[in-house]
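Overview (structure and organization)
Residues per chain are reported as follows:
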Protein chains: 2
Amino acid sequence: MKLYNYFRSSAAYRVRIALAMKGLPFEYIPIHIAKGRQFEPAFGEVSPQNLVPVLELDGGERLVQSLAIVEYLDETHPEPPLLPSSALARARVRSLALAIACEIHPVNNLRVLGYLTKTLGVTDEQRVAWYRHWVDTGFRALEARLASDAETGTFCHGDTPGLADLCLVPQVANARRFDVDLSPYPTIARIDARCRTLSAFQRAAPDLQPDAE
Amino acid sequence: MKLYNYFRSSAAYRVRIALAMKGLPFEYIPIHIAKGRQFEPAFGEVSPQNLVPVLELDGGERLVQSLAIVEYLDETHPEPPLLPSSALARARVRSLALAIACEIHPVNNLRVLGYLTKTLGVTDEQRVAWYRHWVDTGFRALEARLASDAETGTFCHGDTPGLADLCLVPQVANARRFDVDLSPYPTIARIDARCRTLSAFQRAAPDLQPDAE
């Protein structure tokens with residue numbers, strides 16, 4: 001398998017964690033998003049959305065959208081499972097993952113921040129305030145759920161890491177880059193710290209990727 | 001079941017379509033998002049994220065995040081299926097749904113547009129240009145995939161409606177409200193029109209909901 005990748009992409013980071021948890025080797029193909037390499041025609045052929053990650057299977061099929069890729073990996077390589085077995089628990093885990101993937105990350109990715117700066121002419125200060133506002137809005141809600149739900153354990157759901165955790169850790173890494181104060185989110189911080197003691201999460205970390213700067 | 005709902009919410013609209021396709025009756029509980037009713041304490045108890053939809057099961061469990069709710073409904077009420085049976089096809093359908101739910105909708109929902117206006121002071125013209133920019137960016141990529149993939153049929157995947165279609169129709173409805181020119185997206189327009197001939201899609205439409213204005 002090949003993973004079209006960018007060390008700093010949260011969405012690619014999620015897939016790297018899943019691949020590492022499943023013990024699946026892959027070829028790392030770097031696409032420099034900050035330099036706009038995703039808009040070059042060669043990559044446009046790979047991904048009409050001009051987004052990473054793209055997982056290319058050995059048969060040549062290309063999968064896009066990080067959560068769809070992770071669900072595919074979980075269906076085709078069930079051990080260790082990234083989702084619990086009951087439908088209700090699966091809904092909880094997916095909803096935690098989506099609370100990050102749909103509510104926080106899309107509003108703060110590089111292309112949105114670029115539009116704010118280049119097209120709307122917002123200041124650096126306003127851009128950082130925007131970033132923090134959406135992280136805080138999302139993390140406040142997530143912290144409330146994680147802190148009060150009986151299902152929360154060592155990880156987002158019970159005592160094994162899964163789909164929600166592999167979304168959480170990249171989002172926290174991103175928040176840290178923007179100097180977001182994490183002290184109002186002790187449950188998030190605790191789970192993030194616990195995840196980062198696991199080798200799958202460590203190997204997927206941005207700093208250890210071949211294109212890290 | 002109860003669905004905390006807002007007639008104009010795209011995410012709630014997705015769940016309404018899924019419930020109608022599965023033939024599941026539900027109690028409609030309107031939450032007036034444009035009036036900020038999601039921030040009232042009573043609803044904050046229901047949804048710490050202050051978002052609709054929330055599906056409350058007969059046992060009192062509350063499910064959030066539209067795609068997690070739809071997957072739950074599909075797992076617990078398998079007929080008619082909203083996802084195909086092969087892992088590869090499931091990944092394709094999920095990725096089409098997520099291309100809407102993660103790339104287009106979050107950047108254009110009411111609270112983001114509100115922040116642009118109230119906090120960043122952008123003009124109405126800039127706000128509409130923002131909306132159209134993200135719809136166009138997302139629809140261009142989606143149209144390219146739908147138009148070229150052999151798996152596209154009468155609907156987004158083959159000849160039965162499913163998870164991708166129930167994301168597509170609410171997004172197209174929203175784009176129409178903002179007068180987005182749909183002529184560059186003939187495949188999207190064709191699938192949307194076909195879906196809207198089906199009674200499940202018709203019954204879920206914003207204009208027919210009890211809180212429609």
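Along each chain, residues carry numbers from 1 onward, in the same order as the chain's sequence is written. Throughout, the order in which chains and ligands are written sets their labels, letters from A for the former and numbers from 1 for the latter. Only residues with pLDDT of at least 70 are given local features in this predicted model, and only at 80 or more are side-chain atom pairs given and counted; all residues enter the totals for whole chains, interfaces and linings.

1. Quick notes on the domain arrangement of chain A
Residues and elements named next belong to chain A. For clarity, the cut-off: Either an automatic procedure or a domain database provided the assignment from which the domain bounds are taken. Note on contacts: residues are paired as contacts if their backbone-placed C-beta atoms lie within 7 Å. Numbered from the N terminus, helices here are DSSP runs of H or I no shorter than four residues, and strands are runs of E no shorter than two. Polar here means any residue outside two lists: the nonpolar Ala, Val, Leu, Ile, Met, Phe, Trp, Tyr, Cys and Pro, and the charged Asp, Glu, Lys and Arg; Gly therefore counts as polar.
Under the domain assignment used here, chain A contains domain 1 (2-80) and domain 2 (87-200). Put simply, the middle of domain 1 and the middle of domain 2, counted by C-alpha atoms, are 20 Å apart. Each partner contributes to the interface: domain 1 provides twelve residues, whereas domain 2 provides 13 residues. For the side of domain 1 that touches domain 2, the element with the highest residue contribution is helix α1 (residues 10-22), accounting for seven residues. Residues of the side of domain 1 that touches domain 2, tallied by class, amount to ten nonpolar, one polar and one charged.

2. Description of the nonpolar core
Inclusion rule: As used throughout, a nonpolar core is a set of buried Ala, Val, Leu, Ile, Met, Phe, Trp, Tyr and Cys residues joined through C-beta atoms within 7 Å of each other. Residues are called buried when their C-beta atom has 20 or more other C-beta atoms within 10 Å, exposed when it has 12 or fewer, and partly exposed otherwise; all C-beta atoms are positioned from the backbone.
Counting residues in hydrophobic clusters, the biggest one holds 132 residues, and the most contacted among them are A:Ala97 and B:Ala97. Beyond its immediate stretch of four places on either side in the chain, B:Ala97 contacts B:Leu67, B:Leu163, B:Ala164 and B:Cys167.

3. Here's the deal with the packing of helix α1 (residues 10-22) of chain B against helix α3 (residues 66-76) of chain B
Residue and element names in this part refer to chain B. Let me state the cut-off plainly: Note on definitions: angles span 0 to 180 degrees between N-to-C directions of axes, and those axes are lines fitted to C-alpha atoms, for helices only across the stretch in contact. Any angle that falls under 35 degrees is termed roughly parallel, while one over 145 is termed roughly antiparallel, one within 65 to 115 roughly perpendicular, and all others oblique.
For the pair α1 and α3, the least separation of the axes is 9 Å and the interaxial angle reads 10°. When the axes of α1 and α3 are compared, the pair comes out roughly parallel. Between α1 and α3, the contacting residues are Ala11, Arg14, Val15, Ala18, Leu19 and Lys22 on the first element and Ser66, Ile69, Val70 and Leu73 on the second. Residues that form the contact of α1 with α3 fall into these classes: seven nonpolar, one polar and two charged.

4. Examining helix α4 (residues 87-101) of chain A
Threshold: Multiply 1.5 Å by the residue count of a helix minus one, and that product is the helix's expected span.
Compared with an ideal rise of 1.5 Å per residue, which puts 15 residues at 21 Å, α4(A) spans 20 Å between its outermost C-alpha atoms and is within 8% of the ideal. Along α4(A), the positions that sit buried rather than exposed are A:Ala91, A:Arg92, A:Val93, A:Arg94, A:Ser95, A:Leu96, A:Ala97, A:Leu98, A:Ala99, A:Ile100 and A:Ala101. The secondary structure elements touched by the buried residues of α4(A) are α3 (66-76), α6 (124-148) and α7 (163-177) of chain A together with β4 (62-64) and α3 of chain B.

5. A word on the sheet that holds strand β3 (residues 54-56) of chain A
All names here are of chain A. To keep it simple, the criterion reads: Here, strands pair whenever DSSP counts at least two bridges between them.
The four strands lie next to each other as β2-β1-β3-β4, forming an open sheet whose pairing is mixed. In the strand order of this sheet, the two ends are held by β2 (27-30) and β4 (62-64), each with one partner. Strand-to-strand twist in this sheet, taken as the mean axis angle between neighbours without regard to direction, amounts to 20°. Pairing of β3 with β4, which is carried by three bridges, proceeds in the antiparallel orientation. Looking at β4, one finds that Glu56 is bridged to Arg62.

6. A short note on the packing of α1(B) against helix α7 (residues 163-177) of chain B
All names here are of chain B. As a reminder, the rule being used: By definition, turning the near helix anticlockwise from the far helix through less than a right angle yields a left-handed crossing, and turning it clockwise yields a right-handed one.
The interhelical angle for the contact between α1 and α7, taken along N-to-C directions, is 140°, at an axis separation of 9 Å. Viewed along their axes, α1 and α7 adopt a mutual orientation that is oblique. Between α1 and α7 the crossing geometry is right-handed. Listed contacts from α7 to Ser10, Tyr13, Arg14, Ile17 and Ala18 of α1 are Leu166, Cys167, Val169, Pro170, Gln171 and Asn174. Its residues placed into classes, the contact of α1 with α7 shows seven nonpolar, three polar and one charged.

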